[in-house]
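Architecture and fold: a report
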2 protein chains.
Amino acid sequence: MDLDTNAAVVVLSGGQDSTICLAWAQRRFARVAAITFDYGQRHRVELGAAHAVAAAAQVMEHKVLRVSSLAELGGNALTSDEAVTNELREKDGLPNTFVPGRNLVFMTLAAAWAYQIGAAELVTGVCQTDFSGYPDCRAATMAALQTALREGMAAPFTIHTPLMDLSKAESVHLAQEVDAMELLAYSHTCYNGAIPPCGTCPACELRAKGFAEAGVADPLLERLGQD
Amino acid sequence: MDLDTNAAVVVLSGGQDSTICLAWAQRRFARVAAITFDYGQRHRVELGAAHAVAAAAQVMEHKVLRVSSLAELGGNALTSDEAVTNELREKDGLPNTFVPGRNLVFMTLAAAWAYQIGAAELVTGVCQTDFSGYPDCRAATMAALQTALREGMAAPFTIHTPLMDLSKAESVHLAQEVDAMELLAYSHTCYNGAIPPCGTCPACELRAKGFAEAGVADPLLERLGQD
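Description of the structure in this document. Going along each chain's sequence as written, the residues are numbered from 1 onward. To label them, take the chains in the order written and letter them from A, then take the ligands in the order written and number them from 1. Only residues with pLDDT of at least 70 are given local features in this predicted model, and only at 80 or more are side-chain atom pairs given and counted; all residues enter the totals for whole chains, interfaces and linings. In computing side-chain values, all of the structure's heavy atoms are included and hydrogens and water are not.

**Overview of the sheet that holds strand β1 (residues 4-11) of chain A**
Residue and element names in this part refer to chain A.
- Note on pairing: DSSP must find at least two bridges between two strands before they are called paired. Starting at the N terminus, helices and strands are each numbered in turn, a helix being any DSSP run of H or I of at least four residues and a strand any DSSP run of E of at least two. Taken in spatial order, the five strands of this open sheet run β3-β2-β1-β4-β5, and their pairing is parallel. Both outer strands of the open sheet, β3 (62-66) and β5 (158-160), are each paired with one neighbouring strand and no more. Between one strand axis and the next, the sheet turns through 30° on average, direction left out of account.
- Here three bridges tie strand β4 (residues 119-123) to β5, and the two strands are oriented parallel to one another. Pairing of Leu122 across the sheet is with Ile159, part of β5.
- On the sheet, helix α1 (residues 16-28) packs against β1, β2 (31-38), β4 and β5 and is oriented at approximately 165° with respect to β1.
- Should any heavy atoms of two residues lie within 4.5 Å, those residues are counted as being in contact. Between the N-to-C directions of two axes lies an angle of 0 to 180 degrees, each axis being a line fitted to C-alpha atoms and, for a helix, fitted only over the stretch in contact. In this fold helix α4 (residues 102-117) packs onto β1, β2, β3, β4 and β5, with an angle of close to 140° to the strand it touches most, β2.

**A few points about unusual backbone geometry**
Residue and element names in this part refer to chain A.
- Not every positive phi belongs to a glycine, and Gln58 is a case in point at roughly 50°.
- Within the secondary structure layout, Gln58 lies in the loop between α2 (45-57) and β3.
- In the Ramachandran plot, Ala154 falls in the positive-phi region, its phi being about 50° despite a non-glycine side chain.
- Relative to the assigned elements, Ala154 resides in the loop between α5 (139-153) and β5.
- Three labels apply to residues, based on accessible area from a 1.4 Å probe with only protein chains included: buried if under 20% of the type maximum, exposed if over 50%, partly exposed otherwise in between. Relative accessible area serves as the criterion here: at 34%, Ala154 is assigned to the partly exposed category.

**Quick look at the pairing of strand β2 (residues 31-38) of chain B**
Residue and element names in this part refer to chain B.
- Counting buried residues in β2 gives seven out of eight residues, a clear majority hidden from the surface.
- Bridge count for strand β1 (residues 4-11) against β2 is five bridges, and the pairing is parallel. Looking at β2, one finds that Val9 is bridged to Ala33.
- Viewed along the sheet, the connection from β1 through helix α1 (residues 16-28) into β2 turns out right-handed.
- Direction of pairing for β2 relative to strand β3 (residues 62-66): parallel, over a ladder of five bridges. Place the viewer so that the strands point away; then a crossover is right-handed whenever the path from the first strand over the helix to the second strand goes clockwise.

Any functional reading would require information that these geometric values do not contain.
Shown next as structure tokens:
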């Protein structure tokens, strides 16, 4: 299958990382579409952020795909009533926000959609420097998955991970380089789904630390009048 | 994550191949569960066959997982009103029954469930000798996917494909070896969803040819009183 190497599908959660990736992709590719997964996450505010970011970025097309199957399989705090904690769970030494297979499923569905719209390039904000311990965010996983997608659909997909090896401060600098600051005012990150962000969950702490280290004000907090 | 290498999840569509794989797995592993995907396939008779086969096999657990996302992405004859034909479509030279990424999504969800129930072994009936031209049925795809699943979930999955290099006649012989004939009486294959099977679609032709070449009566046709 021939696909356009100047067309990209960005996996957009509505969070900081995927928002920066969307701006990055728009600088690099002529046609950029976004796909957002509604997988039963408890915090619907994430989906709202994805809509706002996609609209502000004027993407070619924004697909919101319902993926009920991950929540149905259960076993994690993002799709259940279990509280999000900083502690690692006993069974696998991973955070209780780990949804096994999540990024594999998302990237595969993103590729399936890219196949339909003729796009060869896939962009995701996964980052192995997060220290969140998610095995599906590692470069080795994405390299293996790229091979599986190419083989499985006989199509020349490339997975781009512009944030893979960046610190949070470096990704804030990248955001400035690719003019993502305006979009970031609509992004969302808090694991507890709070607006304004709770400021104390691992995701909020990571975001705050990144902006602080980069010496840049968080445009989301500025928009909400907190900074 | 530690997983039990004596426990398996079989991807069970309710068709001939996955039914043989279920019997094969029950011979080989102490604990065998089955997962069936309801992905909006037009022919609900497939799901009924999966239920009947799983019940007859007395599997440890049978999970039926709704995957609406593939049908929502569209572009194939199995989830739309488009007629199934023997002709290859122009855009990618594949049959119009090809659902891009289908087996990748199914195997990944099967692995996510296996992770939850502690099973290391994944079994699928994909077969590259089918000549159906599906790139996601090839050994190279399954090998790449196994690597992606291991990396992405940090778990020691093994994908078993007992039919990968068998002709249809050889897989009928395997069915005899693993005592799958009784289960096969409840399996289903017809792409047109007909009961009794239409006998003329590619799937029916392939099944009939296999049994004929093996010199064995199809237990499904015997059950339906057609043989």
